[in-house]
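Geometric and topological summary
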Amino acid sequence: MHDSLHTSPRPAAAGALPGTDLAPVRQPAVEFRDIAIAYGRFMAVRDFSLAIRKGSFVTLLGPSGCGKTTILRSIAGLVDVTEGQISIGGRRVDDVPIYKRNIGLVFQSYALFPHKSVFDNVAFGLKYRKVSKPEIARRVGKALEMVRLPGSERKLPSQLSGGQQQRIALARAIVFEPEVLLMDEPLSALDANMREEMRVEIKKIQKETGITAIFVTHDQEEALSMSDQIVVMNAGRIEQIGTPEQVYAEPATAFVADFLGKANMLPGTVAAVDGLVATIALAAGRSVTALSPRVLAPGESITLVVRPQKLQVAAAGACANRLAGKIVSTSYLGGSAVYEIDIGQGSVVRAYALIDGKVAREGETVEIGFDPAACVLLDAQGRRIA
Ligand code: ATP
């Protein structure tokens, strides 16, 4: 739907992003300043500036290839930065080798030593740091309790489920109390139920330990449910930095609106204005009213962003904007349904409805509605009008 809108506009600079929560972070746990990273001639990341608050859970979210892993690896020292500076705990780490950066790592593949016991796997980083034997035993026991696998010291990884192995990998990463915990898609090898359980578990451990966590995922639900801050990335750049609520409710760009929650994007032109209320002639051939944060100019091209949850199906009659449409697909989810509705000129919108009775089927004509305040407006460049 409206594919032309899905190409992302380029923000001028990371610090000038609309909708970005830029409250200054004092003494950030990790700070990126104007980072660019190239692989040969290919620029994988550019204009990347970010200050991460100590003790926070920050997620790098974006599609495959957008540079998330590259950023994560640069913190660990596994990738050299081409331009800019990275600081950890206020110290620049450009010349600090990997083994001297105090960082815990968890990967998608658990990367446990298959022939070593759980104890030896978890103790690995401590032995390497020359911690005494009794202290190693104490700390391994504590880390295993934390990941809810106490008493598993003698088992081999092969005797554990995927979720349990990932818990061991987590115990190994936190056992030496690193300054920062880096997690690269740690849940993607797990089945759906286990993923949900581990989301809660990881978040709980992060809060209990107060560790600064940086998490990489392309899964918006993981990002929304776990993070204090989400950094939405696209093609090597930051699109938006904000809390989960900010990036969902106030997407800074068309890319963010589409990537998080598959928003309906309806292009149109401002037909008339009355203060902050504008009448928009939609390309789909209908007129609707929208509340704008600034006075729009007649003739301006804009895009209306409406979340599927904000499109009323059953209660459309009570809304100021009402459109008739034909259902082209119904996905019944038990208690709720997602409808795809053709509102004319080939424009298909998605509506999420709670079901309390009959489910509407393909081919039925329905009325959908939304309120003027229920949409976000993007300008001709695809940036949110603020
Ligand atoms: P995914 O979710 O698929 O892991 P990502 O967002 O983590 O993607 P990166 O792995 O950081 O993306 O890769 C960013 C870009 O850099 C991609 O286009 C990738 O092909 C390229 N890239 C990554 N590693 C290398 C490398 N060692 N040499 C050359 N190009 C690389």
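Keep in mind the model is a prediction, meaning the values are calculated, not measured.

1. A short note on the site of the ligand
Around the ligand, the surrounding shell consists of Tyr39, Phe42, Ala44, Pro63, Ser64, Gly65, Cys66, Gly67, Lys68, Thr69, Thr70 and Glu185. In this structure, an oxygen atom belonging to the ligand sits 2.7 Å away from a side-chain N or O atom of Thr69. Within the side chain of Thr70, a nitrogen or oxygen atom sits 2.5 Å from an oxygen atom of the ligand. Summarising the interface, the protein chains cover 58% of the accessible area of the ligand, which totals 630 Å² for the free molecule. Looking at the shell around the ligand, the elements with two or more residues in it are β2 (42-52) and α1 (68-76). It is α1 that contributes the most residues to the shell around the ligand, three residues altogether. Tallied by class, residues from the shell around the ligand come to five nonpolar, five polar and two charged.

2. Points about the pattern of salt bridges
This model, assessed by the stated rule, comprises 18 salt bridges. Salt-bridge contacts for Asp228 lead to Lys203; the nearest nitrogen and oxygen are separated by 3.7 Å. In this pair, Asp228 is assigned in the loop between α6 (220-226) and β9 (229-234) and Lys203 in helix α5 (residues 192-209), connecting sequence segments 25 residues apart. On the basis of relative accessibility, which here comes to 29%, the residue Asp228 falls in the partly exposed class. Judged by its relative accessible area of 17%, Lys203 is buried. Between Arg294 and Glu300 there is a salt bridge, with its nearest N and O atoms 3.0 Å apart. Note on Arg294: relative accessible area 32%, which makes it partly exposed. Through salt bridges that share partners, Arg148, Arg167, Glu197 and Glu201 make up one connected network.

3. Thoughts on the domain arrangement of the protein
Each assigned domain of the protein is listed with its residue range as follows: domain 1 (5-102 + 178-258) and domain 2 (264-378). The C-alpha centroid of domain 2 is placed 33 Å from the C-alpha centroid of domain 1. Contact with domain 1, which involves 10 residues of that partner, is made by eight residues of domain 2. Summed over both partners, the interface of domain 1 with domain 2 buries about 730 Å², with 64% contributed by carbon and sulfur atoms. Run the count over domain 1 and domain 2 and you get zero salt bridges. Where domain 1 touches domain 2, the interface holds three residue pairs in polar contact (both at pLDDT 80 or more). Elements represented by at least two residues in the side of domain 1 that touches domain 2 include exactly α7 (244-249) and α8 (254-259).

Rules of the game
Residues numbered from 1 in each chain as written. Predicted model: local features only at pLDDT ≥ 70, side-chain atom pairs only at ≥ 80, totals over all residues. Heavy atoms only, no water. Near = heavy atom within 4 Å. Polar contact = N/O pair within 3.5 Å; in protein donor to acceptor, adjacent residues only side chain to side chain. Areas by Shrake-Rupley, 256 points an atom, 1.4 Å probe, with all protein chains shown as cover. Helix = DSSP H or I, 4+ residues; strand = E, 2+ residues; numbered from the N terminus. Nonpolar A, V, L, I, M, F, W, Y, C, P; charged D, E, K, R; others polar. Salt bridge = Lys/Arg side-chain N within 4 Å of Asp/Glu carboxyl O. Buried < 20%, exposed > 50% of the residue type's maximum accessible area, 1.4 Å probe, protein only. Domains from an automatic or database assignment. Contact = heavy atoms within 4.5 Å. Buried area = accessible area lost by both parts, 1.4 Å probe.

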